[in-house]
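What the coordinates show
Take a look at the letters that make up each chain.
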Amino acid sequence: MSKWPMRGHCRYLRFKTFSMTPKTPNQQPPARQGRYEGEGSSRERGTGPGRGRGRGRGQGPQYTGPSISPSSGAGPSSGSQADPYRGQPGPHLQIQPLPPPPVRVSTVQDPEPPSPQAVAPPVSSKALRFPLRPGKGKLGQRCIVKANHFFVELPDKDLHQYDVAITPEVTSRGVNRAVMEQLVKLYRETALGHRLPAYDGRKSLYTAGPLPFSSKEFQISLLEEDDGSSTQRRERSFKVVIKFAARADLHHLGQFLAGRQADAPQEALQVLDIVLRELPTHRYSPVGRSFYSPNLGTRQSLGDGLESWRGFYQSIRPTQMGLSLNIDMSSTAFIEPKTVMEFIRDLLNRDLSRGLSDADRIKIKRALRGVKVEVTHRGSMRRKYRVSGLTNQATNELVFPVDEKGTMKSVTDYFRETYGYIIRHPFLPCLQVGNQQRPNYLPMEVCKIVEGQRYSKRLNERQITALLKVTCQRPYEREKDILQTVNHNAYHQDPYAQEFGIRISAQLAQVEARILPAPRLKYHDTGREKECLPQVGQWNMMNKKMVNGGVVNHWACLNFSRSVQENVAAAFCSELALMCQTSGMAFQREPIVPVQSVRPEHSERALSHLCEEVKKRTKDKGLDLLVAILPDVNGSLYGDLKKHCETVLGVVSQCCLTKHVYKMSKQYLANVALKINVKVGGRNTVLVDALTRRIPLVSDIPTIIFGADVTHPHPGEDSSPSIAAVVASQDWPEVTKYAGLVCAQAHRQELIQDLYKSWVDPQRGHCTGGMIKELLISFRKATGQKPLRIIFYRDGVSEGQFYQVLLYELDAIRKACASLEPDYQPPVTFVVVQKRHHTRLFASNHNDNRTVDRSGNILPGTVVDSKICHPTEFDFYLCSHAGIQGTSRPAHYHVLWDENKFSADSLQSLTNNLCYTYARCTRSVSIVPPAYYAHLAAFRARFYMEPEASDSGSLTSGLGPAGRSAGTSMSTRTNRVAVGGAVRPLPALKENVKKVMFYC
């Protein structure tokens, strides 16, 4: 008899007639796999899986990952008593007994275990192979598209790597490059044997052939930058030691590209990447893998002292067609080269004659910290400094010692006597430059911002909008600019490319693609249209009713907008209720209490009072829905309201901005009705193939589809936690409704820590829990069946983290399943979803209406799994959405684990079809909905963090996921790292909120 806990802790439900071991992924389920006998009170005291089985009881948060060995498909070694589960082995792995996950030790009677403080990375495993491509897809209408990949001919050169040691050591790559540039200029024709080396700016130098020595020391002198003064420029001396390190073997790279070698030889790829970056690094301003210049396009002002620079992204990639150079257009924010006074006026958007408030000082300090400035009060002498802070005193109050006796002099007197300069703004603070031990003070009015400094902090809403306008290009324009960039870069004349024998095509790659058909969607039989076939990725709700309309008996409206009169709010609510009814919901026309107008600062008190009043009127049934009308700019109100409703009151809410209340458009009301329906437990539409059980590897046996994402704090927020979110389908065979869970974890930690939890409680003994376990149990309760297959879509993972994330998170999934019953191991397919890449697909003929949509983009459903994809592994690009503006970005799906043995067609069509089930609109979306929902849930959870005043003056302004204004606030929401390094947990979601799509 199996034991499935109610909440992933130590309470259980008992089920009858369980057969927990799915032998094959395709077996048919029994008609009903058990019924509830009631909630048991037994506690796990060593009888469950894992107690005394190497689970690491009391060992602290240590994790070393699973032990991996090559396998031809055999299962784990027989007779292993330490193996906590037996399941379907992966196509390339044999998973040996697993070491303990981070263990949570609790010494108090607390239902929630403490968060782990640290996680050691999983062991590296060179034997790990991601699934091979199971053939190419055949489904869909064939066509040709162009991709911004340019074929690179593999050079036939003998590549050598040398270690470089520069003394005294400097952290600046710019200085390192200047030293090596001087060395090459002086010694290329002599000591370097006519070689032109490529340098990575740090410790490595690469040559196309050997240097005439194995180790050699050079003395290099650099003149300091000319600051315009008449004084002699100082000379800095460096010792450079170049020593042979290794040969980079291009033979193995060729073998890998031909599919005859498993692992990509990263060092050879890195050498070629560095070679092709060498010339643009000298010409432009490098930022990551991109290069920017004010001469590559028109500068555009972004406001608040920032401007956009155009540039291009460049990266060499291994593909099925061989090596490929991926080039894309890019834009980013730079600080405008203007006087500091002009910059501050733009930043504060006002004149400075009134002086500065404390909030102004914080904002200026945050914007200018780390910025390089040059002085303007010394004629042609333009010495440069880096800003470290702002003085507390005004310039006319600031004094400093001028000699060893401690004689003090004011800054205003010093500038008048030394430079004959009269300070015109003595009431403003000075910039503090240099280090904290020996600070220098410069009046703001004598400083100018040096050109070419990228702005790396968070942009505000207006700046983001302005930057998006700059980067938004129609496909034809973007393709033309990419080709112009390639021609401008003239790789055939690049001396470094010539030295290393690298030749690059000047034409975009022509790639075979297929356009997958849109799925048929099912609506309610009482509507005039019972089914719908989307056209070019979109449809509407006319003549249709939601397939499962939710029930809203008790609802209320709070109006937080002063500009919306109560009669206007009441009229809007009436229209919204009518739209919900028309769309198929059982929606009470009148609110349970009249619309109430509330001041935003009284929101929590008003919410609590409203819920109490409704409970009295409904005999403790409470609110089904809260409608909130918000000001267009509402500061922290939106987040405060969502937090209070979802973590304190247990009420789902729908927020509407004032501008939409006044417009009251039918399209807006229809979209809001879609969101309300899923928030109260309804379903808008389902796939016809799901109802008729025709989805391969989903419809045959109970299947749960997970989506997971981790969102990280914005740049500059260096102590805020990352937020992990996991959602999982709660209906089968429809796979349309998703329950969601969220948790906070260590700053910028990508591995999801709470997928599986194990801890020891003094009273209850060994306990297990976590997000996977809770969602599996939730699925069992909702469907009456346990999942016999798991499909896991993981968003937000870069290629460099593939192995680490797979090892850790697959292990957590395994343990979560085993904690329900030892032999419960449903086969898992683990797919990474990537949007932050630079591959773009263009129609072969931009004027052919049969292959482009109205925006000029390729048609939704376009899939590519050849030529520009991985040489051997299972990946594909899918453009599942219709373009609106700009150039569509296809999603990249990479399968890291596949025990369900998906074919290319079955996974591609499943992924594309799911994109039509997104609940918030009648359009197919760009990434698979479970991953999209996880992103929304993680974004929502940021509002649950405690607001805390920020000394950096970070602004919480920006667009939320639905495009609503979050307003501006002088506090940031953060869960600071507590004493001992543990992250303060988020407030728990109420049980009724977890079960519905509250994040929509």
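Just above, that's the structure.
Reading the values: rules and limits
Residues numbered from 1 in each chain as written. Predicted model: local features only at pLDDT ≥ 70, side-chain atom pairs only at ≥ 80, totals over all residues. Heavy atoms only, no water. Salt bridge = Lys/Arg side-chain N within 4 Å of Asp/Glu carboxyl O. Helix = DSSP H or I, 4+ residues; strand = E, 2+ residues; numbered from the N terminus. Buried < 20%, exposed > 50% of the residue type's maximum accessible area, 1.4 Å probe, protein only. Polar contact = N/O pair within 3.5 Å; in protein donor to acceptor, adjacent residues only side chain to side chain. Contact = heavy atoms within 4.5 Å. Expected span 1.5 Å × (residues − 1). Pairing = 2+ DSSP bridges. Axes fitted to C-alpha atoms, helices over the stretch in contact; angles between N-to-C directions.

1. Description of the pattern of salt bridges
For side chains of opposite charge, pairing can occur when their charged atoms come near one another. Summed over the entire model, instances satisfying the criterion amount to 43 salt bridges. The salt bridge involving Arg 177 is made with Glu 278; its shortest N-O contact spans 3.7 Å. Taken together, the positions of Arg 177 in helix H1 (residues 173-187) and Glu 278 in helix H3 (residues 266-283) put the pair 101 residues apart, joining distant regions of the chain. The pair formed by Arg 177 and Glu 278 is uniform in burial state, with each residue classed as buried. A salt bridge links Lys 409 to Glu 417, with the nearest nitrogen and oxygen atoms 2.6 Å apart. A single network of salt bridges, built from pairs that share partners, joins Arg 299, Glu 307 and Glu 451.

2. Examining the side chain of Arg 514
If you trace the backbone, Arg 514 turns up in strand S27 (residues 509-515). At a separation of 2.7 Å, a polar atom in the side chain of Arg 514 contacts the main-chain carbonyl oxygen of Leu 139. Polar side-chain contacts of Arg 514 include one of 3.3 Å to the side chain of Asp 865. Those residues in contact with Arg 514 that sit more than four places away from it in its chain are Gly 137, Lys 138, Leu 139, Gly 140, Gln 141, Arg 142, Gly 861, Thr 862, Val 863, Asp 865, Asp 905 and Gln 908.

3. As for helix H17 (residues 802-820)
With 19 residues, H17 should cover 27 Å at 1.5 Å per step; its first-to-last C-alpha distance of 27 Å lies within 8% of that length. Counted residue by residue, H17 has 17 buried out of 19 residues, so it is predominantly covered.

4. With respect to the sheet that holds strand S35 (residues 653-657)
Strand pairs in the sheet, formed through backbone hydrogen bonds, run parallel or antiparallel to each other. Across the sheet, which stays open at both edges, the 4 strands sit in the order S33-S31-S34-S35 with parallel pairing between neighbours. Two strands bound the open sheet, and with one partner strand each, they are strand S33 (596-597) and S35. Sheet analysis places strand S34 (residues 625-630) next to S35, joined by 5 bridges and oriented parallel. Within the sheet, the bridge partner assigned to Ile 629 lies in S35 and is Cys 656. Along the sheet face, helix H11 (residues 603-617) touches strand S31 (555-559), S33 and S34 and points at about 155° away from the line of S31.

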